Amino acid sequence: MEKACIDINQLINVFSNYEGAVYQSDKLNCFYVDFGGKFARYNCLSLQKLKKVVEEINIEALLLDTHRADFELVTFNGCEHIYLLNALEIIALKDLLHGTFTMFNLNHMVNDCLYRLVY
């Protein structure tokens, strides 16, 4: 999906790093991952699956294995997006997704504390 098709003013920046960003669309109830030259749309479950797949990649084994390329194909069942990433890009994507889910947890904790103060 192209950025030109999306009204960027309606997206909320959840988290960003030097390689990309994750945006939330409350209107469309989805997330957009801007990473590696791709602007991809995910629902909540797909974003969790992407995080799980990326977290399971062993960077050390990828770099130390001399019998294979230093690239990893990142995708999962039911996903229409495919990433071909080198080790540094995998680290950046791990950081991006880790920061995104940390922000989700932080938002949940803040809302929980405010709810407790009100009631």
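Here's a quick rundown of the structure.

Parameters and conventions
Residues numbered from 1 in each chain as written. Predicted model: local features only at pLDDT ≥ 70, side-chain atom pairs only at ≥ 80, totals over all residues. Heavy atoms only, no water. Salt bridge = Lys/Arg side-chain N within 4 Å of Asp/Glu carboxyl O. Buried < 20%, exposed > 50% of the residue type's maximum accessible area, 1.4 Å probe, protein only. Pairing = 2+ DSSP bridges. Helix = DSSP H or I, 4+ residues; strand = E, 2+ residues; numbered from the N terminus. Axes fitted to C-alpha atoms, helices over the stretch in contact; angles between N-to-C directions. Contact = heavy atoms within 4.5 Å.

With respect to the pattern of salt bridges
Close approach of charged atoms allows side chains of opposite charge to pair. The tally for this structure, following the rule as stated, stands at 2 salt bridges. Across the pair Glu 56 and Lys 52 runs a salt bridge whose closest N-O atoms are separated by 3.9 Å. In terms of burial, Glu 56 and Lys 52 fall into one category: exposed. Of the charged contacts, one joins Glu 72 and Arg 68 as a salt bridge, the two residues approaching to 2.8 Å between their closest N and O atoms. Judged by relative accessible area, which is 40%, Arg 68 ranks as partly exposed.

Overview of the sheet that holds strand S1 (residues 11-16)
Spatial ordering of the open sheet is given by S1-S2-S3-S4, a layout of 4 strands whose pairing is antiparallel. Both outer strands of the open sheet, S1 and strand S4 (38-42), are each paired with one neighbouring strand and no more. Averaged over all pairs of adjacent strands, the angle between their axes in this sheet comes to 25°, without regard to strand direction. By the bridge criterion, 5 bridges tie S1 to strand S2 (residues 20-25) in an arrangement that is antiparallel. Opposite Ser 16, over in S2, you have Ala 21 as the bridge partner. Here helix H1 (residues 44-55) sits on the sheet and contacts strand S3 (30-35) and S4; the angle it forms with S4, its principal contact strand, is near 120°.

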